[in-house]
Amino acid sequence: SRGIVGGASRQIGGAQRRMSTLSRAQKVAQAASRIFGTHIGNGLQSGRKELRKNLAGPKIMSWYQRPIGKDLDPLFVDPEVERKKLKIERLARRGKVTPKKGEGKRAKKK
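Bear in mind that the values here come from a model prediction, so they are computed numbers and not experimental data. (Residues numbered from 1 in each chain as written. Predicted model: local features only at pLDDT ≥ 70, side-chain atom pairs only at ≥ 80, totals over all residues. Heavy atoms only, no water.)

**Q** Describe the overall build of the protein, naming the residues involved and giving the relevant values.
**A** The number of helices and strands found in the protein is five helices and two strands. Ordered by position from the N terminus, the helices and strands of the protein form the series β-β-α-α-α-α-α. Taken across its 110 residues, the protein has 4% of its residues classed as buried. Expressed as a percentage of contacts within the protein between residues at least 6 apart in sequence, the contacts between residues at least 24 apart total 0%. By element, 56% of the accessible surface of the protein is carried by carbon and sulfur atoms, the whole surface being about 11300 Å². (Helix = DSSP H or I, 4+ residues; strand = E, 2+ residues; numbered from the N terminus. Buried < 20%, exposed > 50% of the residue type's maximum accessible area, 1.4 Å probe, protein only. Contact = heavy atoms within 4.5 Å. Areas by Shrake-Rupley, 256 points an atom, 1.4 Å probe, with all protein chains shown as cover.)

And the structure:
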């Protein structure tokens, strides 16, 4: 009988088994490519190059100053939040605040 094409075959216990010509590293790489969906060779992109790059997030975040908030100082009052509250109060006195759900123009027409 003829062996399996592409590799040597050996008779063990009455059944033919294929002897692998791949090294252990190649077998691991093949298993990893099946599991993680990466390709070995074939000229196809696997994405490994992007995953090897350093993460940009920490570098970008280090550029901006961390805002002082309630978590750092419980007595701190954010001027931006205070400004928004004052604006909403001014608008409320003039009756210009956003209407509650179901009280808009369309509901008033009916």
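**Q** Residues and numbers for the pattern of salt bridges, please.
**A** All told, the structure shown has one salt bridge when counted by the stated rule. Of the charged contacts, one joins Glu-80 and Arg-83 as a salt bridge, the two residues approaching to 2.8 Å between their closest N and O atoms. Linking Glu-80 with Arg-83, this pair stays in helix 4 (residues 79-94), spanning three residues, or about one helical turn. The exposure class of Glu-80 is partly exposed, given its relative accessible area of 39%. (Salt bridge = Lys/Arg side-chain N within 4 Å of Asp/Glu carboxyl O.)

**Q** Give me helix 1 (residues 24-36): which residues, what numbers.
**A** Along an α-helix, a turn takes 3.6 residues, which lines up residues three or four apart on a common side. Here helix 1 contains 13 residues, and its C-alpha end-to-end distance of 18 Å stays within 8% of the 18 Å for a straight helix at 1.5 Å per residue. Immediately downstream of helix 1, the backbone of Gly-37 shows phi near 75°, a positive value. (Expected span 1.5 Å × (residues − 1).)

**Q** Could you give me a rundown of helix 4, with the residues and numbers involved?
**A** Across its 16 residues, helix 4 extends 23 Å between first and last C-alpha, which sits within 8% of the 22 Å expected from 1.5 Å per residue. Looking one or two places after helix 4, you find Gly-95, whose phi comes out positive at around 80°.

**Q** Report on a nonpolar patch on the surface, specifying residues and quantitative values.
**A** Nonpolar side chains collect at one region of the surface, where Ile-60, Trp-63 and Tyr-64 lie side by side and expose about 440 Å² of accessible area between them. Summarising the element assignment, Trp-63 is placed in helix 3 (residues 57-63). (Patch = residues over 30% accessible without salt bridge, like charges linked within 9 Å, V, L, I, M, F, W, Y side chains within 5 Å.)

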